Amino acid sequence: MPDPIQKPRPVAPPAPGGGGGDGPREPQVDKPNTDDLLKRMRKVDPDQAKRYRQRTGQ
Amino acid sequence: MQIQFGLETEIGISRAESRDLDVVAESIALVRSATAPGVRQRWDYRQEDPHQDARGFRVRELRQDTDEANYFAQDASRPLSFSEIKSDLVLRNGARFYNDHAHPEYCTPECATLEELARQDAAGDALLIDCARAVGAESGNPVLLYKNNTDFRGHSYGCHENYLLPRQLPWDRLADGMQAFLVTRQVFAGAGKYGWEEEDRFGGPGFQLAQRSDFFSELQSVDTMQRRPLVNTRDEPHADPAKYRRFHVIIGDANLSPFATYLKVGTAALVLQALVNGAPRERLPRLADPLAALPAISRDRDWKWRVRSAGGRETTAVEIQRAYLQVVRDFAPPADPAWARLLADWEQVLADLERDPGATADRLDWAAKHRLIEQFRAAEGIDAADPWLRSLDLAYHLLDPAAGLFYGLLESGAIRLPFPRERILGLPLAPPPDTRAALRGGCIDRFGPQVESAQWDAVILRDGRQRIEVDLRDVFTPARVAQGLGALAAARRPADLLALPFAKIL
C-alpha cells in the first residue's frame, strides 16, 4: 500500500538578508567580477519572470 | 563502478514576445526543428509502463492520469497525430529528444563514467541551443529556453536521474538507504531559487538552495507530477526485469554547472554501489522527519542546515552527507582514479560548505547564482522582494551562451569544470563507447532508414520482409557491448546483425 499522505510543514524562508547564529555565514558580497556580466544582467527584463508560465511537468 | 546512469531533463520554454504563448506548440516546434542526425517518430511507446510499483504491485492509475487525459484531450484539437505531437527523435549518440507534453525533454544515453555524462549532458544543451536559434531566427521572435525546474507560480518540471542496479538489492533497503541522502544532498546539488512556492501558487520572496524542494509531500510513491515522493517507486527497468531495476530519482534540480552534475550523479552512484555491496542498514543515516527536513534545509538562510536524526540527535545536512561518504569508503572504496577523485571532491565540497559556503560558488549552482545576483542587487540597490530577482534567477538558467548568466560566469573563468573543457564541451554528437547506447546509436547511424522502432532496451530494424530485433535488455558488460559493436562494424545490412546472440527475427 502507498504510504499515508504526509504534508511538509510550510516553512517560509526568513526575509532575505537574515541569518545569525553560530553557523557558517553567507559569503561576503564582492564587487561584480566583470563588466560583461553586469551588462548581461542589466539587459535582463525585470518583468520576464512575471510573464513566464509553464505547465506542470514531471 | 558497475552502475550505469543517465539524465532526463525537461526544459522551460518561452519567447521574447510571449503574449498568448502556446507552450505545447512551442515545444513541438522546437523539437521538430532539430537537424541533428537521428531517426524521427519511431519511439516504441508500447514498451512503456509507469504504473508498475517497485513495492510489488501495480497501481490502477497515477494521480496525474486525469491531468494527462485532459492534456491529451486539449491536444487532440491540434492538427497533429500523437506521434507528431511527441516528435521523438532518437539521436546518433543514443539519446532521446522529444516533446513531453509541454516541455522539450532531452534524455542522455546510458553512461558508465562521469566524464561521459558531462559530455552527453553538454551535447543536449548544445542541441537545444541550436534548435532555439533556428526557430527564433525563422520567426524573428527569439526562443528562450530555461534549464530550470519552476515557473515561480507553483508549476515544476523535472530533471530526473536513472541508475541501473542489480535486482537482488531489495527495494526496502534501497529506498530506506537513499532517503536521507536525497534529502540532504541539495546542499551541493541545489540550483538555487529566489522565492518559495506551493503547488500552483507563488509563496513569497527569499532565497533557497533548491528549485524542487517546495514540491515533495510523500515519502514514497509511483507518482511524478502530483504529490511527488522523495523516493519514486516506478518499476520500469528498461532492462531484463529479472536481473535489474532502475532507480528513478525525481527530486533533483537541473544543474547548469557540470561540477554540480558530476557531484550529484557521482555521489548517488557511489552510495548506491555501497548499498549493492552490502552496506548494513544501521550504518545508513535516517532522518526524524524527512519531508519537513527537505524544505527546512533548502530555506535555511543561516546555512547551517540543521536536521534531527531518527534517533532524535541534532545534526546537520553536511554531517549526514559525511556519514554517507564514510559508508562509501567502507563499502565501495573506488579503485578507479576518476571515482577516487570524485570521492575527494565530495569531501572537499562538504568541508567548504561547513567552513565558508560562498567558497563553493566556483562549483555549485546555488552558490554561484546567489553570489552573482546578490552582487548585482547590492550594486543596483534592488529590494530583496523585487520580482526582478526572479527574472535574474531565470536568466541564470537561460540556454544562450551570449545572454545566459551561467554562461557569462563560465566565460569569465568563475566556474570550475570537473574535466578539461575540450573533453566535454563543443564535441560532435557521438555515443558513449562502452554502453548499450553505442549499439542504439550505431544502428541509427548505419541503418537509420531501416530502423522501424527504438526504445531504451531494443531496436527493431527492417531488412526486406524480415523484422530484426536487437534486444538490449541485458547488454551491460563491456564484453557484450564490444560484441555488438563488432557485429555492427561487420554488418552490411541489418540481417547481418542476426549473428549476435541477442538479435532475432520477429
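Keep in mind that what you see is a predicted model, and the values were worked out from it rather than measured.

The number of helices and strands found in chain B is 16 helices and 21 strands. Over its C-alpha trace chain B gives a radius of gyration of 22 Å, about what one expects of a compact globule, namely 23 Å for 506 residues. Per-residue burial over chain B gives 55% buried out of 506 residues.

All names here are of chain B. With respect to the secondary-structure elements, asparagine 149 resides in the loop between β9 (143–146) and β10 (159–166). Separated by 17 residues in the primary sequence, asparagine 149 and alanine 132 have C-alpha atoms spaced 18 Å apart. Leaving out residues up to four positions away in the same chain, asparagine 149 has contacts with Ser156, Tyr157, Gly158, Cys159, Gln211, Arg212, Asp253 and Ala254.

Let's shift gears to the environment of B:Ala367. Residues and elements named next belong to chain B. The residue alanine 367 is located in helix α11 (residues 365–380) in this model. Residue classification places alanine 367 among the buried residues on the basis of 28 C-beta atoms within 10 Å. Note: C-alpha distance between alanine 367 and leucine 405 (38 residues apart in sequence) is 13 Å. The contacts of alanine 367, once residues within four sequence positions are left out, are Pro357, Gly358, Thr360 and Ala361.

Moving on to the confidence of the model for chain A. All names here are of chain A. Residues of chain A with pLDDT of at least 70 account for 43%, and the chain-wide mean is 64. Per-residue pLDDT stays below 50 along residues 1–11; that stretch engages in 20 contacts with residues further than four places along the chain or on separate chains. Taken together, the stretch residues 14–32 has pLDDT below 50 and engages in 43 contacts with residues farther than four places along the chain or on a different chain.

Glancing now at the sheet that holds strand β21 (residues 503–505) of chain B. Residues and elements named next belong to chain B. Reading across the sheet, the four strands line up as β18-β19-β20-β21 and stay open at both edges, with antiparallel pairing between neighbours. On the outer flanks of this sheet lie β18 (451–455) and β21, each paired with one strand and no other. For this sheet, the mean inter-axis angle between neighbouring strands, taken without regard to orientation, is 15 degrees. In terms of strand pairing, β18 meets strand β19 (residues 458–463) through four bridges, oriented antiparallel. Looking at β19, one finds that alanine 454 is bridged to valine 459.

Conventions adopted
- Residues numbered from 1 in each chain as written.
- Chains lettered and ligands numbered in written order.
- Predicted model: local features only at pLDDT ≥ 70, side-chain atom pairs only at ≥ 80, totals over all residues.
- Helix = DSSP H or I, 4+ residues; strand = E, 2+ residues; numbered from the N terminus.
- Rg over C-alpha atoms; globule rule 2.2 N^0.38 Å.
- Buried ≥ 20, exposed ≤ 12 C-beta atoms within 10 Å, placed from the backbone.
- Contact = placed C-beta atoms within 7 Å.
- pLDDT = per-residue confidence, 0-100.
- Pairing = 2+ DSSP bridges.
- Axes fitted to C-alpha atoms, helices over the stretch in contact; angles between N-to-C directions.

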